[in-house]
Amino acid sequence: MVLLCAGVLIVGTTWRGFAAPALDVTATVPAELPASAATIVSPSPQQHFSSPTATVIGDCPAQSYVKLYRNAAFSGVSQCTANTYQIQTSLTQGSNQLEAQVYNLTDQAGPAGAPLTVYYDEVTQATPPVPAETPVTVSVADVEATGYKQGAVPQSSANPTVSGWAPPRSIVTVTFHSNPLTCVTRADDSGWWSCTLSTALPPGVHHVDIVAVTPSGQTIAFPSFQIRVAAGLPSLLKPVPSGEPLTLRADYHYQVHFGHQSTDLAVGLTGGTLPYHVTADWGDGATTALDRTDTSPFTLSHTYQAAKGANKNYVVLVHATGAQGETSLLQLSVTVKGDGVLLLANTTGLNNLLDEVHRWLWLIWPTYVVVVLMAIGYYLGEREEYQ
């Protein structure tokens, strides 16, 4: 009886140890719908960008993630951490409508967030050298392609481009009168800003006011000046490309991945000019680079180390570049299982015993076989003796 019980335990432990890695279990735990929508705190509505990428920051409810849509197309995802999210997104030339949609961890959508529109102004204008000292006030460097001079009335196109310097990361608002039209932008890390009015001005003289709000909340104003809009004068705006812009696409669903196992992300490319060069920054210091000669979907694969403690979220940035220099950016998210999350509901008693036995199978199996053979030999010997 002892040998029989021991045999069942050893066989069960062996089967458990070798069969478990072959199991692939998918489970969905019900979750409450998010009670509030995801909001966009930055950028500001009607903000203008001079680079083709933007960082969207906002608020979100706990135990959720946020998908960002640009012009109704999926553009990035972020887990909600400490009730905030941050997503890097590409911008297409012209207007871009951004909308943040919140989901719970079972991929159920919560309330829709309010969309806002921003602009990417690609202009034929070179950025001047970075000044030796960080700007502490707001100034105007150029109106269109003409350097600004105090008291002069420079000519401009119907969509004037005004640029200059301000304290780094300041929000700069340029207002054109008398029918007020505004252009909002943000100074970069060196303080350079540039804003192109998206609505055409009528010919004639217009007053211009410029106000900058620093990250600390300080308001700085530049003295009002005038510009003269000349009919037919070309704008610095580059013409919008006739073809479809280069766009990275993916279909994201929340999933917890395992460390030391392959994490696969299905990605697609449309538009732009072939061939493409794609790089993926996996968020743990590793990168993947590959070239694509067609627009068929492909898979990016990476193996993460097992997370220590709780589950860990990694931000994955996928960059694509076309043959003519077109670029596209897509932010994805990967959650890797932590060792604090256990798959077995019962982690005491028999499970602990089985785990301990499994460690010594290399010694237990030969010993057990020898003991069984000894028992059989003893039985046969006793039987012969009695006969």
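Relevant structure appears above.
Residues numbered from 1 in each chain as written. Predicted model: local features only at pLDDT ≥ 70, side-chain atom pairs only at ≥ 80, totals over all residues. Heavy atoms only, no water.

Trainee: I'm lost on the pattern of salt bridges in this one. Help?
Mentor: Two side chains bearing opposite charge may form a pair once their charged atoms approach each other closely. Counted under the stated rule, the structure contains four salt bridges. Note that E122 is salt-bridged to K238, the shortest N-O span being 3.6 Å. A residue pair is termed long-range when its members are at least 10 positions apart, and E122 in the loop between β9 (116-120) and β10 (139-143) and K238 in the loop between β18 (219-229) and β19 (247-250) qualify at 116 residues. Overall, the relative accessible area of 33% leaves K238 in the partly exposed class. For E244, the salt bridge identified is with R249, shortest N-O distance 4.0 Å. Among the residues examined, E244 registers a relative accessible area of 48% and is labelled partly exposed. (Salt bridge = Lys/Arg side-chain N within 4 Å of Asp/Glu carboxyl O. Helix = DSSP H or I, 4+ residues; strand = E, 2+ residues; numbered from the N terminus. Buried < 20%, exposed > 50% of the residue type's maximum accessible area, 1.4 Å probe, protein only.)

Trainee: Would you mind showing me how to read the state of the cysteines here?
Mentor: Chemically, a disulfide is nothing more than a covalent bond linking the sulfur atoms of two cysteines. Applying the stated criterion across every chain yields a total of two disulfides. A sulfur-sulfur separation of 2.0 Å characterises the disulfide bridge that pairs C60 with C80. In this structure the cystine formed by C60 and C80 twists about its S-S bond by roughly 100°; its chirality is therefore right-handed. Note that C60 is positioned in the loop between β3 (53-59) and β4 (64-70) and C80 in the loop between β5 (73-79) and β6 (84-90), a separation of 20 residues in sequence. Judged by relative accessible area, which is 6%, C60 ranks as buried. The buried category is assigned to C80, whose relative accessible area is 13%. With a sulfur-sulfur separation of 1.8 Å, C183 is cross-linked through a disulfide to C195. Where C183 bonds to C195 through sulfur, the torsion about that S-S bond is close to -95°, and the disulfide is left-handed. Residue C183 is found in strand β15 (residues 181-186), and its partner C195 is found in strand β16 (residues 192-196); the two are separated by 12 residues along the sequence. Residue C183 is classed as buried on the basis of its relative accessible area of 0%. In this structure C195 comes out as buried when scored by relative accessible area, which is 2%. Assigning the bonded cysteines of the protein consecutive numbers by sequence position, one obtains the connectivity 1-2, 3-4. (Disulfide = S-S within 2.5 Å.)

Trainee: Would you take a moment to explain the side chain of H302 for this structure?
Mentor: Along the polypeptide, H302 turns up in strand β24 (residues 298-303). Residue H302 is classed as buried on the basis of its relative accessible area of 14%. Within polar-contact distance, the side chain of H302 engages the side chain of D284 at 2.9 Å. The contacts of H302, once residues within four sequence positions are left out, are Q261, S262, T263, W282, D284 and A286. (Polar contact = N/O pair within 3.5 Å; in protein donor to acceptor, adjacent residues only side chain to side chain. Contact = heavy atoms within 4.5 Å.)

Trainee: I'm lost on the sheet that holds β19 in this one. Help?
Mentor: Hydrogen bonds between backbone groups are what pair the strands of a sheet, and the pairing can be parallel or antiparallel. Taken in spatial order, the three strands line up as β19-β21-β24 in an open sheet, and their pairing is antiparallel. At either margin of the open sheet sits one strand with a lone partner, and together these are β19 and β24. Here the average twist between neighbouring strands, direction ignored, is 35°. Summarising the sheet, β19 and strand β21 (residues 262-270) pair through four bridges and their orientation is antiparallel. By the bridge assignment, R249 is partnered in β21 with G268. (Pairing = 2+ DSSP bridges. Axes fitted to C-alpha atoms, helices over the stretch in contact; angles between N-to-C directions.)

Trainee: Would you mind showing me how to read the nonpolar core here?
Mentor: The nonpolar side chains of a soluble globular protein tend to be buried with one another. Counting residues in hydrophobic clusters, the biggest one holds 27 residues, and the most contacted among them are L269, V316, V318 and L332. Setting aside its immediate chain neighbours within four residues, L269 contacts L246, T247, L248, Y276, V278, T295, F298 and A320. (Core = buried A, V, L, I, M, F, W, Y, C linked by side-chain atoms within 4.5 Å.)

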